[in-house]
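# Topology and contacts: notes
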Amino acid sequence: MSKPITGHTGLICLLGSPVKHSISPMMHNESFRLLDLDYVYLCFDVGTDTLPAAVEGLKAQGARGFNLTMPNKNKMCELCDRLSPASAISGAVNTVVNDNGVLTGYTTDGIGYMLAAKDEGYDLIGKKMTLLGAGGVATAILVQAAIDGMAEISIFSIHDAFYPRAEKIVAELNEKTSCRVSLYDFEDMEVLRREIASSDILTNATSVGMAPFVDRCIIPDASYFHEGLIVSDVIYNPKQTRLLQMAKEAGCPVFNGMYMLLYQGAEAFRLWTGKEMPVEAIKQAYFKEEEN
């Protein structure tokens, strides 16, 4: 039975566009119910143009905090009063905590990704990754993986607005961590093929292949894969993208972004409430049927 909403109920929400597909409301509201916490989690379709106004409104209303999803993760950095070290390096925020009008931004996506890989049975420490993309989620994964102890990461990006920021992050990670990080132009497909060939895991951290454009694939064909290559995709709608389908048919182990969503949400939940999300219960309720 759902906990009734009262005048004391605290607000936590998700800001992004689109957000109708998100399962975050189910997992957070069920966690609030299981732990008897007086909060409600809602979704609001908000893009970068209206994000500042939405944030000011939530701040004025005394919302405990909120999540950010595409396309708002980078813009939110400018709107926070404080940033966690990982958010400061990555330039991305997906979780905000409101402490009496002071907004602190965190990025839990990278933590979620590393825990998801571990949950799938893959130890990435000391391994090499080829990472596709340089947006908010990609840089969150990049920063956390480097901090956690991956040996090498090759990141590929098109020359868009994210590229100069990616160059800065790569330089900072090479200086501050033991991970060797390299940035390449995504247009150079031979270099991409070479880097994948020497990688233990290939990760798509772009929106290519996300619903409704499910027929798109960021890798041209299966010849880029090799035996034993783990292929992951941060996308979870659809649960099996064209990239994962192609990799699976080639005999590669694969996993999608469902458990990344679970574990990044669990970390956000802890930041807002000071409590541990009942992960196993949430996994059984909302994630088991979504597994590959």
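The sections below set out a description of the structure shown in this document. All of these numbers come straight from a predicted model, not from anything done at the bench.

Scoring rules and cut-offs
- Residues numbered from 1 in each chain as written.
- Predicted model: local features only at pLDDT ≥ 70, side-chain atom pairs only at ≥ 80, totals over all residues.
- Heavy atoms only, no water.
- Phe/Tyr/Trp six-rings, centres within 6.5 Å; stacked < 30°, edge-to-face > 60°.
- Helix = DSSP H or I, 4+ residues; strand = E, 2+ residues; numbered from the N terminus.
- Buried < 20%, exposed > 50% of the residue type's maximum accessible area, 1.4 Å probe, protein only.
- Pairing = 2+ DSSP bridges.
- Contact = heavy atoms within 4.5 Å.
- Axes fitted to C-alpha atoms, helices over the stretch in contact; angles between N-to-C directions.
- Expected span 1.5 Å × (residues − 1).
- Parallel < 35°, antiparallel > 145°, perpendicular 65-115°, else oblique.
- Left-handed = near helix turned anticlockwise from the far one by under 90°.
- Nonpolar A, V, L, I, M, F, W, Y, C, P; charged D, E, K, R; others polar.
- Salt bridge = Lys/Arg side-chain N within 4 Å of Asp/Glu carboxyl O.
- Right-handed = clockwise from strand over helix to strand, strands pointing away.

Let us look at the packing of aromatic side chains. Per the counting criterion, the structure on display carries eight aromatic pairs. Judged by centre distance (5.1 Å) and plane angle (25°), the rings of F156 and Y184 are stacked. Of this pair, F156 sits in strand β8 (residues 152-157) while Y184 sits in strand β9 (residues 180-185); the two residues are 28 residues apart in sequence, bridging distant segments of the chain. For F156, a relative accessible area of 1% puts it in the buried group. Members of the aromatic cluster, joined through ring pairs, are F32, Y39 and F269.

This paragraph deals with the sheet that holds strand β10 (residues 201-204). Here six strands make up an open sheet; going across it, the order is β9-β8-β7-β10-β11-β12 and the pairing parallel. Two strands lie at the open edges of the sheet, namely β9 and β12 (254-255), each paired on one side alone. Relative to β9, β8 is paired through six bridges, and the arrangement is parallel. Paired with S157 across the bridge in β9 is D185.

Bringing unusual backbone geometry into the picture now. Look at the link from M70 to P71: it is a cis peptide, with omega at 5°. With respect to the helices and strands, P71 occurs in the loop between β3 (65-68) and β4 (82-83). Along the chain, A211 connects to P212 via a cis peptide bond; the corresponding omega equals 10°. Relative to the elements of secondary structure, P212 occurs in the loop between β10 and β11 (230-233).

The next thing to look at is the sheet that holds strand β2 (residues 39-45). Reading across from one edge, β2-β1-β3-β5-β6-β4 is the order of the six strands in this open sheet, with mixed pairing throughout. The sheet terminates laterally at β2 and β4, the two strands that pair on one side only. Of the strand pairs in this sheet, strand β5 (residues 95-99) and strand β6 (residues 102-106) are connected by five bridges, and their pairing is antiparallel. Looking at β6, one finds that T95 is bridged to Y106. Where helix α2 (residues 51-61) meets the sheet, its contacts fall on β1 (10-16), β3, β5 and β6, and the angle it forms with β1 comes to roughly 175°.

Turning to helix α1 (residues 24-35), a few remarks are in order. Under the 1.5 Å per step criterion, the end-to-end length of α1 is 16 Å for 12 residues, consistent within 8% with the ideal 16 Å. Buried residues along α1 sit in contact with β1, β2, β3, α9 (258-273) and α10 (279-287).

This paragraph deals with the packing of helix α4 (residues 109-119) against α9. One can describe the packing of α4 onto α9 by two numbers: an axis separation of 7 Å at closest approach and a directional angle of 130°. With respect to their mutual orientation, α4 and α9 come out oblique. Crossing geometry of α4 relative to α9 is assigned as right-handed. Taken together, the residues of α9 that come into contact with α4 (itself represented by D109, I111, G112, Y113, L115, A116 and D119) are Y259, M260, Y263, Q264 and E267. Per-class residue counts for the contact of α4 with α9 are seven nonpolar, two polar and three charged.

With that settled, consider helix α6 (residues 163-176). For an α-helix the count is 3.6 residues per turn, leaving residues at separations of three or four pointing the same way. Between its first and last C-alpha atoms α6 spans 20 Å; for 14 residues at 1.5 Å apiece the expected length is 20 Å, and the two agree. Where α6 is concerned, the buried positions are Y163, R165, A166, I169, V170, E172 and L173. Where α6 is buried, its residues touch α3 (85-90), α5 (136-148), β8 and β9.

To continue, consider the side chain of Q144. Structurally, Q144 is set in helix α5. Aside from chain neighbours lying at most four places away, what touches Q144 is G110, I111 and M114.

Using the criterion set out here, one finds 13 salt bridges in the structure. Measuring nitrogen to oxygen at the nearest pair gives 2.6 Å for the salt bridge that ties K73 to D109. A residue pair is termed long-range when its members are at least 10 positions apart, and K73 in the loop between β3 and β4 and D109 in helix α4 qualify at 36 residues. Judged by relative accessible area, which is 10%, K73 ranks as buried. Taking the shortest distance from any N to any O, the salt bridge between K75 and E78 comes out at 3.2 Å. Residue class for E78 comes out exposed when judged on its relative accessible area of 59%. Shared partners join several salt bridges into a network, and the residues in it are K128, E152, R180, R194 and E195.

For the rest of this paragraph, the subject is the pairing of strand β7 (residues 128-132). Side-chain direction in a regular strand flips from residue to residue, so the side chains alternate between the two faces of the sheet. Buried residues dominate β7, accounting for five of its five residues. The two faces of β7 match: K128, T130 and L132 on one face and M129 and L131 on the other face are all buried. In terms of strand pairing, β7 meets β8 through five bridges, oriented parallel. Note that in β8 the partner of T130 across the bridge is S154. Crossover handedness for the path β7 to α5 to β8: right-handed. Direction of pairing for β7 relative to β10: parallel, over a ladder of four bridges. Bridged to M129 within β10 is I201.

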